Amino acid sequence: MTRLALCGGVYSNPYALRAFVEQARARGADRLVCLGDFGAYGAEPEAIWPLLVNNGIECLAGNYEVAIGSRQPDCGCGYADDADNAYAAIAYDYTLRHTSEQFAAWMRTLPTERREIVDGTDVHLVHGSTMAVNDFWWESLPIEQHRLRVAASRADVICCTHSGLPWISRFGKTLVVNVGVLGRPANDGGRNVWFALLDLEPGVPPRAELVALDYDWAAQAASIRAAGLPEAFALAVETGCWTTCLEVVPPLERSRGRYQLYKSALPSFDAAVAGWPDVPATADDGLPVIPLFGSALFPPRLWVYTNFHCNLACDYCSVASSPQARRREIDRATFEELVDDAVAEGFRELYVTGGEPFLQPDIVDKLLYASARLDVVCLTNGMLYQGYRRTQLERLAGRPRLVLQTSLDGAEPRSHDRHRGRGSWRRALAGLDLARSLGLPVRVGMTETPDNADQVEPLRDLLAARGVAGRDFAVRPLVRRGLSATGIEIGATNTVPELTVTADGWHWHPAAADLGTSPDFLLGGPDVAMAEAKRRVVQRFLELRQADGSLPVVLNCAV
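Given the structure is predicted, the values throughout are model-derived calculations rather than measurements.

It is worth spelling out the overall build of the protein chain at this point. Looking only at helices and strands, one finds 17 helices and 21 strands in the protein chain. Buried residues in the protein chain amount to 57% of all 559 residues. A fraction of 70% describes how many contacts in the protein chain between residues 6 or more apart in sequence connect residues 24 or more apart. As presented, the protein chain carries roughly 21,600 Å² of accessible surface, and 51% of it is formed by carbon and sulfur atoms. Charged side chains in the protein chain number 55 positive and 68 negative. The centres of these two groups are separated by 5 Å.

Shown next, in the form of C-alpha cells:
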C-alpha cells in the first residue's frame with residue numbers, strides 16, 4: 001500500500017506547512033505532495049521554498065506559480081468580482097515583490113498536472129480541475145459539471161485544491177478529492193486547516209480521508225499584521241471565517257460561513273420606501289464584509305405563528321386565517337424551545353402572530369416567557385380582552401420588552417369593517433384603549449387598500465390623540481397572497497426574508513406563511529432546526545441575487 005499526503009494552497013503560511021510535514025509523517029505517509037499556490041494572503045512567501053525542497057515534497061504549479069514564474073501582472077485566480085479581485089491583487093502584488101528570482105525560476109520547472117499509476121491505481125493530480133488550472137471545483141456544482149470534469153480525465157482518482165474548501169465524493173468509478181488548503185481555514189469557524197490522505201493498494205478501491213490540521217495560527221496572524229497586509233487576512237486566520245474573496249463562493253458553501261456580502265454591495269435604503277422606521281446601520285468593525293443575517297437584508301427578527309384560526313375572517317388575510325382555517329398550533333413547550341433557540345441564534349426581536357394569538361389559552365404565559373428574554377411584539381386584533389382573557393392581560397402590565405400591535409384600517413368604521421366584519425373597528429379600538437389603560441405599550445398597523453388611502457392622516461390624528469404616535473403607527477401595503485385577490489405581488493425574488501415559523505415549518509416571510517396558499521415560501525418542515533432554516537434563507541437569498549445581480553427590496557410588515 002502507498003499512502004499519499006496531499007496539500008494545496010500554502011498561501012505563504014510556513015507554520016501550517018511545517019505542521020503538515022510533521023503530521024503527514026506521523027500518519028505514515030510514503031509521499032508528500034503539494035498541488036500548488038505557494039503564495040497569497042500570508043507574509044512569508046520565501047520561507048515556503050526551503051520547506052518544500054528540504055522535506056522532499058513533490059509539487060505542482062498552481063495559478064500562482066504560473067503567474068509568478070512568468071512575472072504576470074495578476075494571479076490568474078479566476079475571480080470575476082471587483083472586490084474579490086481587489087483583495088487578490090493586494091495578496092499577489094505582495095507575494096510577487098517578496099519572491100526571489102531563484103524561487104520564481106524553480107516554479108517555472110514545475111508541471112501544472114501529473115498523472116501516474118500508483119499500486120495499480122490511475123491517479124490524476126491537478127490544481128484547479130481537469131478543465132483548467134484556475135477552475136474552482138466546488139462540491140455544490142451541478143452533477144453534470146462534476147461529470148464533465150471527471151470525463152476530461154477518467155482517472156480512478158482525481159485530486160485538486162484551489163477552491164479552498166475540502167470535500168470527497170465519488171462519481172461513477174472515479175474518486176474525487178479536493179484536499180483543501182493550508183493557507184487559511186475552511187470558512188467554517190475553525191482555526192484548523194486541511195489536507196488529505198490517500199491510500200492506494202492493488203486490488204482494493206482507493207480510500208481518502210480529510211485531516212484537520214492544527215498549527216500555530218497565532219504566529220501566522222502576527223506575521224500578516226507585521227507585514228502591513230490587510231487586517232481582514234489576519235482575521236480570517238484567527239476566526240476561521242473568510243473575510244475576503246467571497247463572491248466567487250457558491251451560495252451553498254457561502255451560506256455555511258459567517259460572512260456573505262461585501263459592505264460595498266449593500267443598497268442605500270430610503271426608509272420611507274423600504275418600510276423601516278430606522279434603517280439598521282452597518283457595523284463599523286473594520287471588515288469589508290458582513291453577515292447577511294442581522295443586516296437590513298435579513299433582519300434578526302423571528303416571526304412565530306402560534307395558530308391560524310381566528311375570530312375574524314378578513315377578506316384580504318395574506319395567510320388565509322379565519323374561524324374555518326385548518327387548525328395548526330404551536331404548543332407551549334415548542335414555543336419556549338423556539339424562544340431559547342432564537343436567543344442562541346442571535347435574534348433580537350420576536351413577533352408573535354396568528355390567526356388570533358389570544359384564542360390560545362396559554363398565550364399570556366408564552367408572552368411572559370418570551371419577553372423575559374427578547375423584545376416581543378404580539379400582533380392581535382384586540383377584540384378578545386374580556387373575562388378570563390382580561391384578567392390574564394393584566395399579568396402583562398409592566399413588561400418593558402413587550403408591545404401589543406393592533407390593526408386599524410381607518411379613522412372610522414367603514415373602511416375597516418368592509419374587510420374585517422361589521423363592528424370590528426369599534427371593538428378593536430376599545431381593545432386598544434383597554435390595553436393602554438392597563439399600561440401596556442401599543443402599536444397600530446394600517447393595511448392600505450384601494451378604498452382607504454384617504455384615511456391615513458385622519459387615523460394618524462385619531463391615534464395621536466390617544467398617545468399613539470411616531471413609530472408606533474405604520475402603514476403597510478396590501479399583499480396579494482392568501483385570501484387577497486389584489487395588492488402587491490411578492491415572492492422570494494423581490495422580498496427580503498424575515499424568518500417565520502409555523503406548525504407546518506419554516507417560511508421565507510410572514511406575509512406568505514400559509515402552506516396551502518404560499519407553498520413557494522416554504523423553507524423546510526418542522527423537523528428542521530432553526531440554525532439550518534437560517535442557513536437556507538441565506539442560500540436562497542444568494543441564489544436569487546446571483547440570478548440577475550440585483551438585490552431584493554424590503555417589504556417590512558412588522559412596524
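Past the structure itself, the notes keep going.
This part takes up the packing of aromatic side chains. According to the stated counting rule, one finds 20 aromatic pairs in the structure shown. The interplanar angle of 10° and the centroid separation of 5.0 Å between the aromatic rings of Y305 and F308 together place this pair among those described as stacked. For the pair Y305 and F308, one class covers both residues: buried. Ring geometry for F358 against Y385: centres 5.5 Å apart, planes inclined by 75°, an arrangement best described as edge-to-face. Separated by 27 residues along the polypeptide, F358 in the loop between strand 14 (349-353) and helix 12 (363-371) and Y385 in the loop between strand 15 (375-379) and helix 13 (387-394) bring together distant segments of the chain. For the pair F358 and Y385, a shared accessibility class is recorded, and that class is buried.

A few words now on the packing of helix 14 (residues 413-420) against helix 15 (residues 424-437). The geometry of helix 14 relative to helix 15 is characterised by a closest axis approach of 8 Å and an angle of 105° between their N-to-C directions. As judged from the angle between their axes, helix 14 and helix 15 are roughly perpendicular. Contacts from P413, H416, D417 and R420 in helix 14 reach S424, W425 and R426 in helix 15. Considered class by class, the residues forming the contact of helix 14 with helix 15 number 2 nonpolar, 2 polar and 3 charged.

Time to look at the sheet that holds strand 8 (residues 174-178). Spatial strand order, 4-5-6-8-7: 5 strands in an open sheet with mixed pairing. One side of each edge strand has no neighbouring strand; the edge strands of this open sheet are strand 4 (113-118) and strand 7 (167-171). Within this sheet the neighbouring strands show an average axis-to-axis angle of 15°, counted without direction. As judged from the 3 bridges shared by strand 5 (residues 121-126) and strand 6 (residues 157-160), these two strands associate in the parallel manner. Looking across to strand 6, one finds that L125 is bridged to C159.

Enumeration over the complete set of coordinates arrives at 1 disulfide. A disulfide bridge connects C75 with C77, and the sulfur atoms are separated by 2.2 Å. Of note, the bridge from C75 to C77 carries an S-S torsion of about -135° and is left-handed in sense. A disulfide-free cysteine, C378 has its sulfur positioned 12 Å from the sulfur of C310, the nearest such atom.

Turning to unusual backbone geometry, a few remarks are in order. The phi dihedral of Y41 falls on the positive side, at around 70°, and the residue is not glycine. For Y41, the position within the fold is in the loop between strand 2 (31-34) and helix 2 (48-54). Classification of Y41 as buried rests on a relative accessible area of 9%. Although it is not a glycine, N187 sits at a positive phi angle of roughly 60°. Locating N187 in the fold gives a position in the loop between strand 8 and strand 9 (193-201).

Rules used in this analysis
Residues numbered from 1 in each chain as written. Predicted model: local features only at pLDDT ≥ 70, side-chain atom pairs only at ≥ 80, totals over all residues. Heavy atoms only, no water. Helix = DSSP H or I, 4+ residues; strand = E, 2+ residues; numbered from the N terminus. Buried < 20%, exposed > 50% of the residue type's maximum accessible area, 1.4 Å probe, protein only. Contact = heavy atoms within 4.5 Å. Areas by Shrake-Rupley, 256 points an atom, 1.4 Å probe, with all protein chains shown as cover. Lys, Arg positive; Asp, Glu negative; His and termini not counted. Charge placed at Lys NZ, Arg CZ, Asp CG, Glu CD. Phe/Tyr/Trp six-rings, centres within 6.5 Å; stacked < 30°, edge-to-face > 60°. Axes fitted to C-alpha atoms, helices over the stretch in contact; angles between N-to-C directions. Parallel < 35°, antiparallel > 145°, perpendicular 65-115°, else oblique. Nonpolar A, V, L, I, M, F, W, Y, C, P; charged D, E, K, R; others polar. Pairing = 2+ DSSP bridges. Disulfide = S-S within 2.5 Å.

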